[in-house]
Amino acid sequence: MITLTSDFGEPYPAAMKGVIYSRTDARLVDVAHNLPRQEPRTAAFWLREVLPWFPPAVHLAVIDPGVGTDRQALVIRAGDSALIGPDNGVLMPPARGLGYPDPEAFAIDPDHEAFPATGGEGSTFDGRDVFAPAAAAVHEAGVEKVRKIEWLSETDPEDLWFPDPDLRGREASGEVLVVDRFGNAVTNVPGDVLMDRFGEEVAVNGTAVPAERSYAGVEPGHRLVTVGGHGNVELAVNAGRGDEAFGVGVGSEVTISY
Amino acid sequence: MITLTSDFGEPYPAAMKGVIYSRTDARLVDVAHNLPRQEPRTAAFWLREVLPWFPPAVHLAVIDPGVGTDRQALVIRAGDSALIGPDNGVLMPPARGLGYPDPEAFAIDPDHEAFPATGGEGSTFDGRDVFAPAAAAVHEAGVEKVRKIEWLSETDPEDLWFPDPDLRGREASGEVLVVDRFGNAVTNVPGDVLMDRFGEEVAVNGTAVPAERSYAGVEPGHRLVTVGGHGNVELAVNAGRGDEAFGVGVGSEVTISY
Amino acid sequence: MITLTSDFGEPYPAAMKGVIYSRTDARLVDVAHNLPRQEPRTAAFWLREVLPWFPPAVHLAVIDPGVGTDRQALVIRAGDSALIGPDNGVLMPPARGLGYPDPEAFAIDPDHEAFPATGGEGSTFDGRDVFAPAAAAVHEAGVEKVRKIEWLSETDPEDLWFPDPDLRGREASGEVLVVDRFGNAVTNVPGDVLMDRFGEEVAVNGTAVPAERSYAGVEPGHRLVTVGGHGNVELAVNAGRGDEAFGVGVGSEVTISY
C-alpha cells in the first residue's frame, strides 16, 4: 500500500499515480491533496494524526516549498512503514507518531538512472519525477530492504517539532497548532484536561466557555471548547468558525483554566 | 466493496480508510467528502441518487451533527447492501432508493470490544472509531449475516422524508430539495412534467422560462429549467448559478405551469 | 485500468464509478473532477500533460458543455489506450500527447441496448448513462478489439489545437493556455527558452522578472517566471497568484525576451 499526500490540488497527483502504477501494482490511497500550500508544519500535524491508523505502508508526502533548491529528498524507515518526501521536517512528526522517534533516514540520489525524468528542460516536478518512482521502488523492494537500495545513502534529516504545552495545577498554556478547513483551532493542549469538565464552563484566555463533548452541545453559532479526533483541545463554534470567534490563528497563545 | 461518504473534507476520511484497510482487503470507493456540513437531508438526497448505481456494497455515510450525543449508530440492511451511519435519518432515503422501504435496522453497541478506540480521553471521532470498524466488520461477515453480529441489536430508526410535489392539471407545485455546488436548484418536481415541452417556455413561479434538455439550450448567463441526472426538475443558469437567478434556496416553493 | 476526469465535483463521479464497477472489476483512478466547468480546452491541456504518465488504460473524460445536444459521443483509440468522451475536441490533444496524432475515432450509438439508462424521462447524464458503460465495455473487450464493438462506427472527430509559440532570436511570443488553481499562468512557450537563464532576469511583456528554477527562488509575494511540471513557461508569484500580478488570463499574449 502506498498513501499519497500533497498540496497539489488537481490534476498533478494523478501524474504521480500514473508513474507509480507504471511500476507497481500497489494499492494507492489518497490522504489529502488540498492541504495548505507550502506548509510542512500543517501537513506534519495531520500526517502524525492519520498515518498511525494505517496498516504498514509506504507514505508519500510532497509538501515541498523548497522544490528546485538543493534540499534533499528523503526515505525514512519507521518499522514496517516508510515515509518519502522532502527534507524539511514534514516526515519526522509522523515518524514519531508511528512510534519511531529516531528513525533511519536516507537521502535519494535524484541523478541516478532510477529517475529518468529528472533534469532535462528545466522542469521541476519532483513529486512525479523523484518521489513517485522512489515510492514505487521502495514498495517493490520491501521496506525492510530499504538499506540495500543503491540510490539511497544515510543522512541526518531536518526535523520539525510542535511545542509542548505548559500544564500546572488547574491551568494549561499552549498554542494553536493548526486551523482546519472548518475554522476549528486545534491546540497542543491534551484533551484530558477537559475530562470530567464536559458540561461545565472553563476559562479560555480569561473568558468563560462551555466545555462540550460535541459541537452539538451548544446552539449553532455559539462558542465551545471540545476535544477533536486528534485528542487535542479545539476552540470551536457549532456550525461556525472557531478561529474567528476566538480571534486566534496558528501560533496564537491559548490558556485554559479549569 | 465499501463506499465512503462524509462532510469531513480532508484528511479525516483517510483515517477511516486506514482503519478499514487494517481490517479488510475490501475495495474502497469515495462517494463524497465535501458535502455541506451537518446536513443529513442533503446527504440523504445525494445518496439516494447515487447508491442505486452501485453493485451490492457496504455504504458508510457519516454526516453526523449529533456526534458525541447519545444518538444511536446504525447498520441498516437493504438486501445485499448495508448502510452504516448515525441515526438521524440520513440512511433511510437511500435505503428506499435501493428498493427497501422498510429495512431491517440495528443499533451498534459502541462500548463493545470490537471498538477499542472509543471512550478514552474524551475524543469524539465516531467515523474512525465506530463507523469505520463497523463497516469493515459487516463487509467481512457478509451483509446476509448481519443479524448474527453480537454488537448489533434491532432498533427502530429515525427517518427523514422529502416532501411530495403537488401535481394537478398542468401545474406542479413543489420545493427546492438541494442546491448543488454549481447553484443548480434541484426540486422535488419529477422531470416528466417537462416531457414534450423541451424547446418551449414554461412558467416558473409565474415567470416564463425556457425548458431545455441541456444547459447549452440557452445562451451563457440565461435561465432555464431542465431535468438533472437525478430525474427531477432543476432551476438553472447556463454557466451560472440558478439559485441566485431564481432567488431560491433549500425549501423555497416552486410552481411550474406548463 | 480506467481513469476518470470531469468537471462534476461531487457526488456525480461516484455514480459513474458505480456503473463501471457493476460491469467490470477494473481499477479506477481519478484524474480530476474539479476542473473548470465546461472548458474543454483546459481539460485537454491537463489531460495531455497527465495521461502520458499512465500505463495503457481507458481514459474517460467528461467535460461536456454540449450534453443533451446532438454532439457525438466518442471512443478514440490511441495505441493500447482508449479515450472516451464527448466530440468537442477534448480528447484530441491528449491523443497527440500519447503519441497518436491521427488516431482512429468511433462514434457511440447511445440508443443501442448497451446503454439501457439513456432516453427515459428526459434526464441528461451521459457521463453515467453513456460514457461510463462505454468505458467499462471497452475495458472488458480490450482496446485492441474496439473496432469490433457493434455500437461503434468510424467517424471524423472534432479537434482542438493549442497555438504554437513564435520563437525567433532571443524572443518568444505566445499566450497563456490555462491558469491553474494557484493562479500560475501557464503559457505555450517551451521551458527550454529559460535554460541557462535561471538566476538571471528576463523581460516579460517588457518588464524585468527573475527566471528561477523554483518558486522559492524569490521572496514570498514576488514575481518570477519558471518552468512547470508540464515543461512550459509559467508566470508565477511565490505563495501568490501569478495571473493577478502579471495581469493576464487565458489567451493573454506573453512575450519573453532573454
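Under an unreviewed UniProt entry, chain A has the name Chlorinase and belongs to Halalkalicoccus paucihalophilus. Under the Sequence similarities (unreviewed entry) heading, UniProt states for chain A: "Belongs to the SAM hydrolase / SAM-dependent halogenase family."

All names here are of chain C. Strand order across the open sheet formed by 7 strands is 2-1-3-5-4-6-7, with mixed pairing between neighbours. Single-partner strands in this sheet number two, and they are strand 2 (28-32) and strand 7 (152-154). Ignoring strand direction, the axes of neighbouring strands in this sheet form an average angle of 25 degrees. Pairing of strand 1 (residues 2-6) with strand 3 (residues 58-62) involves 5 bridges; the strand directions are parallel. Each residue of the ladder has a partner; that of isoleucine 2, found in strand 3, is valine 58. Across the sheet, helix 1 (residues 12-21) lies against strand 1, strand 2 and strand 3, angled at about 155 degrees from strand 1, the strand it touches most.

Attention shifts here to unusual backbone geometry. Residue and element names in this part refer to chain B. Of the consecutive residues glutamate 10 and proline 11, the connecting peptide bond is found in the cis state with omega at -5 degrees. With respect to the element layout, proline 11 can be found in the loop between strand 1 (2-6) and helix 1 (12-21). The backbone of aspartate 196 sits at a positive phi, close to 70 degrees, despite the residue not being glycine. Its relative accessible area of 66% is what places aspartate 196 among the exposed residues.

Before going further, it helps to examine the interface of chain B and chain A. Counting residues at the interface gives 34 residues for chain B, matched by 34 residues for chain A. Together chain B and chain A conceal approximately 2,600 Å² of surface at their shared face, both sides included; 56% is due to carbon and sulfur atoms. For the pair chain B and chain A, the interface holds 1 salt bridge. Asp25(B) serves as the salt-bridge partner of Arg27(A), at 3.3 Å between the closest nitrogen and oxygen. Seen at the junction of chain B and chain A, the total is 9 residue pairs in polar contact (both at pLDDT 80 or more). Contributions of two or more residues to the side of chain B that touches chain A are made by helix 1 and helix 4 (126-141) of chain B. A per-element tally of the side of chain B that touches chain A places helix 1 of chain B first, with 7 residues.

Attention now goes to the domain arrangement of chain A. All names here are of chain A. With domains assigned, chain A is organised as domain 1 (2-154) and domain 2 (166-257). For domain 1 and domain 2, the distance between their C-alpha centres works out to 33 Å. Domain 1 puts 5 residues into the contact, and the matching count from domain 2 is 6 residues. Both sides of the domain 1 and domain 2 interface together cover about 520 Å² of buried area, and 71% of this is carbon and sulfur.

So, on to the interface of chain B and chain C. The interface is formed by 35 residues belonging to chain B together with 34 residues belonging to chain C. Taken over both partners, the interface formed by chain B and chain C buries close to 2,600 Å², and the fraction arising from carbon and sulfur atoms is 56%. When the area that chain B buries against chain C is broken down by residue, the three leading residues are Arg27(B), Trp53(B) and Phe182(B), summing to 25%. Where chain B packs against chain C, one counts 1 salt bridge. At the junction of chain B with chain C, the criterion picks out 9 residue pairs in polar contact (both at pLDDT 80 or more). Elements supplying a minimum of two residues to the side of chain B that touches chain C: strand 2 (28-32) and helix 2 (40-50) of chain B.

Okay, the packing of helix 1 (residues 12-21) of chain A against helix 4 (residues 126-141) of chain A next. Residue and element names in this part refer to chain A. Closest axis-to-axis distance for the helix 1/helix 4 pair is 9 Å, and the angle between their directions is 40 degrees. Comparing their axes, helix 4 and helix 1 come out oblique. Every pair of crossing elements has a handedness; the one defined by helix 1 and helix 4 is right-handed. Along its contact with helix 1, which presents Ala15, Met16, Val19 and Ile20, the element helix 4 presents Gly127, Arg128, Ala132, Pro133 and Ala136.

A word on the sheet that holds strand 3 (residues 58-62) of chain A. Residues and elements named next belong to chain A. The sheet built from 7 strands is open, its strands ordered 2-1-3-5-4-6-7 with mixed pairing. Each edge of the open sheet is held by one strand with a lone partner, namely strand 2 (28-32) and strand 7 (152-154). On average, each strand axis in the sheet is inclined to that of its neighbour by 25 degrees, with strand direction left out of account. Taken strand by strand, helix 4 contacts strand 1 (2-6), strand 3, strand 4 (73-78), strand 5 (81-86) and strand 6 (104-108), and its axis lies near 170 degrees from that of strand 3.

Let us now look at the environment of Asp102(B). Residues and elements named next belong to chain B. In this fold, aspartate 102 is placed in the loop between helix 3 (92-97) and strand 6 (104-108). With a relative accessible area of 73%, aspartate 102 lands in the exposed category. A C-alpha to C-alpha distance of 16 Å links aspartate 102 and phenylalanine 162, two positions 60 residues apart in sequence.

So, on to the relation of the copies chain B and chain C. With an RMSD of 0.0 Å, the fit of chain B onto chain C corresponds to turning through 120 degrees and sliding 0.0 Å along the axis. Here the copies are linked by what is in effect a three-fold axis. Across chain B, the smallest distance between a C-alpha and the rotation axis is recorded for Arg27(B), namely 5.6 Å.

This part covers the relation of the copies chain B and chain A. Once chain B has been moved 0.0 Å along the axis and rotated by 120 degrees, it coincides with chain A to within an RMSD of 0.0 Å. The fraction of interface residues of chain B whose copies in chain A are also interface residues is only 9%, indicating that the copies meet through different surfaces.

Residues and elements named next belong to chain A. Scanning all chains against the criterion turns up 36 salt bridges over all chains. Across the pair aspartate 159 and arginine 96 runs a salt bridge whose closest N-O atoms are separated by 2.9 Å. Of the two residues, aspartate 159 is situated in the loop between strand 7 and strand 8 (166-168) and arginine 96 in helix 3 (residues 92-97); the sequence distance between them amounts to 63 residues. The class for arginine 96 is partly exposed, based on a relative accessible area of 21%.

Rules used throughout
Residues numbered from 1 in each chain as written. Chains lettered and ligands numbered in written order. Predicted model: local features only at pLDDT ≥ 70, side-chain atom pairs only at ≥ 80, totals over all residues. Heavy atoms only, no water. UniProt positions renumbered as here; feature names shortened; annotations may be inferred. Pairing = 2+ DSSP bridges. Helix = DSSP H or I, 4+ residues; strand = E, 2+ residues; numbered from the N terminus. Axes fitted to C-alpha atoms, helices over the stretch in contact; angles between N-to-C directions. Contact = heavy atoms within 4.5 Å. Buried < 20%, exposed > 50% of the residue type's maximum accessible area, 1.4 Å probe, protein only. Buried area = accessible area lost by both parts, 1.4 Å probe. Salt bridge = Lys/Arg side-chain N within 4 Å of Asp/Glu carboxyl O. Polar contact = N/O pair within 3.5 Å; in protein donor to acceptor, adjacent residues only side chain to side chain. Domains from an automatic or database assignment. Parallel < 35°, antiparallel > 145°, perpendicular 65-115°, else oblique. Left-handed = near helix turned anticlockwise from the far one by under 90°. Least-squares fit on C-alpha atoms with pLDDT ≥ 70 in both.

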